[in-house]
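Report on the structure
Below are the chains, spelled out letter by letter.
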Amino acid sequence: MASENPFRSILKTLEKPDGGEFGNYYSLPALNDSRIDKLPYSIRILLESAIRNCDEFQVKSKDVEKILDWENTSPKQVEIPFKPARVLLQDFTGVPAVVDLACMRDAMNNLGGDSNKINPLVPVDLVIDHSVQVDVARSENAVQANMELEFQRNNERFAFLKWGSNAFDNMLVVPPGSGIVHQVNLEYLARVVFNTNGLLYPDSVVGTDSHTTMIDGLGVAGWGVGGIEAEATMLGQPMSMVLPGVVGFKLTGKLRDGMTATDLVLTVTQMLRKHGVVGKFVEFYGEGMRELSLADRATIANMSPEYGATMGFFPVDHVTLQYLKLTGRSDETVSMIEAYLRANKMFVDYSEPESKTVYSSNLELNLEDVEPCISGPKRPHDRVPLKEMKADWHSCLDNRVGFKGFAVPKEAQSKAVEFNFNGTPAQLRHGDVVIAAITSCTNTSNPSVMLGAALVAKKACDLGLEVKPWIKTSLAPGSGVVTKYLAKSGLQKYLNQLGFSIVGYGCTTCIGNSGDIHEAVASAIVDNDLVASAVLSGNRNFEGRVHPLTRANYLASPPLVVAYALAGTVDIDFETEPIGTGKDGKQIFFRDIWPSSKEVAEVVQASVLPDMFKATYEAITKGNSMWNELSVASGTLYEWDPKSTYIHEPPYFKGMTMSPPGAHGVKDAYCLLNFGDSITTDHISPAGSIHKDSPAAKYLMERGVDRRDFNSYGSRRGNDEIMARGTFANIRIVNKHLKGEVGPKTIHIPSGEKLSVFDAAMKYRNEGRDTIILAGAEYGSGSSRDWAAKGPMLLGVKAVISKSFERIHRSNLVGMGIIPLCFKTGEDAETLGLTGEELYTIDLPSNVSEIKPGQDVTVVTNNGKSFTCTLRFDTEVELAYFNHGGILQYVIRNLIKQ
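Residues numbered from 1 in each chain as written. Predicted model: local features only at pLDDT ≥ 70, side-chain atom pairs only at ≥ 80, totals over all residues. Heavy atoms only, no water.

A few words now on the overall build of the protein chain. Counting its secondary structure elements, the protein chain contains 31 helices and 34 strands. For 898 residues, the compact-globule estimate of 2.2 N^0.38 gives 29 Å, and the protein chain sits close to it at 27 Å. Along the first, second and third principal axes, the C-alpha set of the protein chain runs to 80 × 80 × 55 Å. Scored against the burial criterion, the 898 residues of the protein chain give a buried share of 63%. When contacts within the protein chain are restricted to residue pairs at least 6 apart in sequence, those whose partners lie at least 24 apart make up 76%. Carbon and sulfur atoms make up 48% of the accessible area of the protein chain, which totals about 31,800 Å². Side-chain charges of the protein chain comprise 90 positive and 106 negative groups, with the mean position of each set lying 1 Å from the other. (Helix = DSSP H or I, 4+ residues; strand = E, 2+ residues; numbered from the N terminus. Rg over C-alpha atoms; globule rule 2.2 N^0.38 Å. Buried < 20%, exposed > 50% of the residue type's maximum accessible area, 1.4 Å probe, protein only. Contact = heavy atoms within 4.5 Å. Areas by Shrake-Rupley, 256 points an atom, 1.4 Å probe, with all protein chains shown as cover. Lys, Arg positive; Asp, Glu negative; His and termini not counted. Charge placed at Lys NZ, Arg CZ, Asp CG, Glu CD.)

Another point: the sheet that holds strand S9 (residues 204–207). Strand order across the open sheet formed by five strands is S6-S5-S4-S9-S10, with parallel pairing between neighbours. Taken across any chain shown, the strands that pair with only one partner, and hence form the sheet edges, are strand S6 (171–174) and strand S10 (221–224). The mean inter-strand angle of the sheet, taken between neighbouring strand axes irrespective of direction, is 20 degrees. Summarising the sheet, strand S4 (residues 86–90) and S9 pair through three bridges and their orientation is parallel. Among the inter-strand pairings, Val 87 is bridged to a residue of S9, identified as Val 206. Across the face of the sheet, helix H7 (residues 227–234) comes into contact with S4, strand S5 (124–127) and S9 while running at roughly 140 degrees to S4. (Pairing = 2+ DSSP bridges. Axes fitted to C-alpha atoms, helices over the stretch in contact; angles between N-to-C directions.)

On to helix H11 (residues 318–326). Turning to H11, its buried residues are Val 319, Thr 320, Leu 321, Tyr 323 and Leu 324. Structurally, H11 contributes buried residues whose contacts are with helix H6 (181–189), helix H9 (294–302) and helix H12 (331–343). Two or three places before Val 319, at the start of H11, stands the capping residue Asp 317, its side-chain oxygen 3.0 Å from that residue's backbone nitrogen. Positioned one or two residues after H11, Gly 328 has a phi angle of 90 degrees, which is positive. (Polar contact = N/O pair within 3.5 Å; in protein donor to acceptor, adjacent residues only side chain to side chain.)

With that settled, the discussion passes to the packing of helix H1 (residues 41–52) against helix H2 (residues 61–68). Between H1 and H2, whose axes approach to 9 Å, the crossing angle comes to 165 degrees. Relative to H2, the element H1 lies roughly antiparallel. Of the two elements, H1 crosses H2, and the hand of that crossing is left-handed. Packed against H1, whose contacting residues are Ile 43, Leu 46, Leu 47, Ala 50 and Ile 51, the element H2 presents Val 64, Ile 67 and Leu 68 at the interface. Looking at the contact of H1 with H2 residue by residue, the class counts come to eight nonpolar, no polar and no charged. (Parallel < 35°, antiparallel > 145°, perpendicular 65-115°, else oblique. Left-handed = near helix turned anticlockwise from the far one by under 90°. Nonpolar A, V, L, I, M, F, W, Y, C, P; charged D, E, K, R; others polar.)

Let us now look at unusual backbone geometry. Following Gly 376, the chain continues to Pro 377 via a peptide bond in cis, the omega torsion being 10 degrees. Position of Pro 377 among the secondary structure elements: in the loop between strand S16 (373–375) and strand S17 (383–385). Phi is positive for Asn 422, which is not a glycine, with a value near 45 degrees. Counting through the fold element by element, Asn 422 comes out in the loop between strand S18 (416–421) and strand S19 (424–429). The class of Asn 422 is exposed, set by a relative accessible area of 58%. The backbone of Glu 778 sits at a positive phi, close to 55 degrees, despite the residue not being glycine. In this structure Glu 778 comes out as partly exposed when scored by relative accessible area, which is 29%.

Attention now goes to empty space enclosed by the protein. A complete count under the given rule lists four cavities of 30 Å³ or more for this structure. Its boundaries defined by the atoms lining it, the largest cavity holds a volume of some 200 Å³. Lining the largest cavity are 22 residues, with His 130, Asp 209, Ile 511, Arg 545 and Ser 783 sitting closest to its centre. When the residues that make up the lining of the largest cavity are grouped by side-chain class, the tally is six nonpolar, eleven polar and five charged. (1 Å grid on protein atoms, 1.4 Å probe; cavity = no way out; pocket = protein on both sides within 12 Å on 5 of 7 lines; lining within 4 Å. Points joined across faces, edges and corners; volume = space filled by probe spheres on them.)

Before going further, it helps to spend a moment on H7. Counting buried residues along H7, eight of its eight residues qualify, which places the element largely inside the surrounding structure. Residues of H7 that are buried: Gly 227, Ile 228, Glu 229, Ala 230, Glu 231, Ala 232, Thr 233 and Met 234.

For the structure shown, the criterion picks out 30 aromatic pairs. Arranged with centres 5.6 Å apart and planes meeting at 45 degrees, the rings of Trp 223 and Phe 281 form a pair that is tilted. Separated by 58 residues along the polypeptide, Trp 223 in strand S10 and Phe 281 in strand S13 (residues 281–285) bring together distant segments of the chain. Residue Trp 223 is classed as buried on the basis of its relative accessible area, which comes to 1%. With a centroid separation of 4.7 Å and an interplanar angle of 35 degrees, the aromatic rings of Phe 873 and Phe 882 are classed as tilted. Phe 882 shares its class with Phe 873; the two are buried. Pairwise contacts between aromatic rings join Phe 160, Trp 163, Phe 168, Tyr 638 and Trp 640 into one cluster. A cation over a ring is seen here: Arg 379 above Phe 403, with NZ or CZ 3.9 Å from the ring centre. Over the ring of Tyr 646 we find Arg 716; its NZ or CZ atom is 3.9 Å from the centre of that ring. (Phe/Tyr/Trp six-rings, centres within 6.5 Å; stacked < 30°, edge-to-face > 60°. Lys NZ or Arg CZ within 6 Å of the ring centre and 35° of its normal.)

One closed barrel holds the seven strands; their spatial order is S26-S29-S30-S31-S34-S33-S32, and the pairing between them is mixed. Looking at each pair of strands side by side, their axes are set apart by 40 degrees on average, direction ignored. As defined by bridge partners, strand S33 (residues 856–861) adjoins strand S34 (residues 866–871) across five bridges and the pair is classed as antiparallel. Bridge pairing in S34 places Thr 858 opposite Thr 868.

Moving on, we come to the pattern of salt bridges. By the definition in use, this model includes 48 salt bridges. Connected through shared salt-bridge partners, Asp 33, Arg 35, Glu 65 and Asp 69 make up one network. (Salt bridge = Lys/Arg side-chain N within 4 Å of Asp/Glu carboxyl O.)

To continue, consider the packing of helix H30 (residues 876–884) against helix H31 (residues 887–897). Describing two packed helices takes the angle between their axes plus the distance from one axis to the other. In the contact formed by H30 and H31, the axes pass within 7 Å of each other and the chain directions differ by 90 degrees. It follows from the interaxial angle that H30 and H31 lie roughly perpendicular. Mapping the contact onto sequence places Ala 880, Tyr 881 and His 884 in H30 and Ile 887, Gln 889, Tyr 890 and Arg 893 in H31.

Let us look at the pairing of strand S1 (residues 11–15). Note that S1 and strand S2 (residues 21–26) share five bridges and pair antiparallel. Its bridge partner being in S2, Thr 13 is matched across the sheet by Asn 24. Connecting S1 to the antiparallel partner S2 that follows it, the hairpin turn spans five residues, and Gly 19 within it adopts a positive phi of roughly 95 degrees.

This part takes up the side chain of Asn 446. Within the secondary structure, Asn 446 sits in the loop between helix H14 (441–444) and helix H15 (447–463). Judged by its relative accessible area of 0%, Asn 446 is buried. One polar contact links the side chain of Asn 446 to the main-chain carbonyl oxygen of Ala 295, over a distance of 3.5 Å. Among the polar contacts made by the side chain of Asn 446, one reaches the main-chain amide nitrogen of Ser 448 at a distance of 3.1 Å. Apart from the residues lying within four places of it in its own chain, the contact partners of Asn 446 are Ala 261, Ala 295, Asp 296, Thr 299 and Tyr 485.

Take Asp 369: it is sitting in the loop between strand S15 (361–366) and S16. With relative accessibility at 55%, the residue Asp 369 sits in the exposed group. The spacing of Asp 369 and Leu 264 is 105 residues in sequence and 9.4 Å in space, taken between C-alpha atoms.

Considering the arrangement of structural elements, one finds Tyr 359 in the loop between H12 and S15. Sequence-distant contacts of Tyr 359, that is, excluding residues within four places in its chain, are made with Pro 40, Trp 70, Val 246, Val 247, Gly 248, Glu 283 and Tyr 285. Here the side chain of Tyr 359 touches Glu 283 through a polar contact of 3.0 Å, side chain to side chain.

Relative to the assigned elements, Gln 898 resides in the segment after H31. Assessed through its relative accessible area of 56%, Gln 898 is described here as exposed. For the pair Gln 898 and Gly 113, spaced 785 residues apart in the sequence, the C-alpha separation amounts to 10.0 Å.

None of the figures reported here should be taken as evidence of function without further support.
In structure tokens:
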């Protein structure tokens, strides 16, 4: 069991400059270990956490030594425990997390334990930002109208979250209409340094949203985890992680005139994807950092999931301190942060000699080399320089169907489709923009690109340009601060004039909450098989995510979103072709509406003020009238309503006893689904609309829910019955069992019947058959989505065999007791001649002590094939979860024993 911290001797007092004390802290310099000066700053945060939490039980002295010896240990994939300082949730992932906590309280009760032990032991902040949809756009009243619809649809979920904020200690719920979780984290929630009862330590956070990494731009170590891991962290369990390598990314020079943070982040994303940074930290340094505003750093850190890194970390320096003051943090707080980080070798001062930091590998970018670009049409790392966009678009039309191809026959590429829009004749072609959205935490937290977009709008309006009325335009800021500085600048009216009225404060289009496009436009696309485009300032553009009818989706800076909305198509060369015709009949070009960096900087300087941040966040804690009027039950145990289609008691702990079920192999399992590469969590567990012919729709209609009230899968994540039916329900999913047909069906192999995935899984279950999944590379990439593991578990999937896994998804599968296996390098289902129609047996001992992390496992089929896979239980702790039937069961049994 736990014992006293062996590092108490290095506990020092931090003095205030004018006398008095800030508090005590574990001093890294007091270790007198020369290795500390070579450690990347991000690793120093892991080191301090291990020292502070060392109890020789959850965290041991040998773990501290592993981190100190990072230069030698990190290439060896050693395992360390990490205890983050806090947890961040948004409502899509937060609702199932609170459902699980409520359900765990019931399980504790049923097993005779103390249900109040199920309580967050670290601060938990939950921001409701994923529920607002763009139902109403291009209207001065859009914010209010969309919020009223949001509350109508989500009343039950919101009441449940409000119950949770009262029933659980340490839980703050930020109400709807406040902003996007990562921007609220950056501007308000982040502490940078904690002072808890007189003990100082670095802020660190894990969040149930993969873009939690945005906070790395503020020098706070943070990354996305599955909801399942977050729940364990809340309950005091250390996170088990592999000590990561750190890629040093040196920035030099400064951005050229007119370049944006979005151009920079798309360039960095492509470079890091090419370098290979999955499972690693990336740490930025170099003299180019002085030229990079905090908002620009946060933009780069935000897209860590898109370049594959666990973190994109920017250590704290003077730029960070200036930002903390700008956002209304007190002088006393900023003084404490600087004093602590300097005393503990965690502050970068450019006036001092460059540090001796050692990195696992190095990259360099001269900021002057960044050029205007966008990314798409289907992946964030497929960067296209703006000057090559027209040629790239035409090659995408020509190419066979794939990440860069739509296979449109040559003779059909230039067809123009006539349709009628509100009584006016209109035309659509391949590549025409039907959605243009300034959206997403990646960009709306950055005043330079937001005010840059407003300046583009002003110049366009002054010249007499307009946006076609059938393009769905929207502006969804990540916090109320944006509204304040747009108003102060006097530029919001120009955005409104072009249709970019504010529609709400939340994720909106970036997560597929884009709302419907006009019926006439939708019919023209569907009836004529047009490849329509969306241009958004988001961070993800996977097929089927933004909107079911936009097959081409491009990520662009907010000012470029406005430019493409004005052009009305992605099939344009901005250098040589006019963007439109002005009021005097003169052709207007891109260069005529693009602001200089100096113009943007002047507006930012005059419009973005500290008082705006203070006023915005003082108002947030008071809530809004709709939130405050929600009535909720009191009591620490939740009263489940069996008729609810939003909140349902999940079956994870039914029949649970104090004895772990033990390890197991898989015998004679059928392959439920046979996939190729890049199956995302959007494919596995879609967040968007519920299709009218899906098993989930059938379930809802049987319970009297009208089609217009289906809401989205994301909003119904508190109901396991719907989420199980929504697993693999993405309309664009490609399953090899269907021989080329696209859609959420599969073949029930014994009968040859084509069924929905859910119906096939239930048929196998009724026959007493286990199932597995075959997949290619990057299985589970995209959003950190625990339902992408919970759903398959509820369908009876026992193992996934793939070429490789995305980091968070693999750990989620482990957390739900599903066995992750990887084919050996150079092998996959095709090279091994597997059709997916065989029966699969995976040989694992029933005694967990006979299994080793990463060992070889033999898989045998009923037609005589045998092949070896790598078992992707990566740590001893993960094997313990497997032995217990999952991480939550492990936590409950441990809490009862304590």
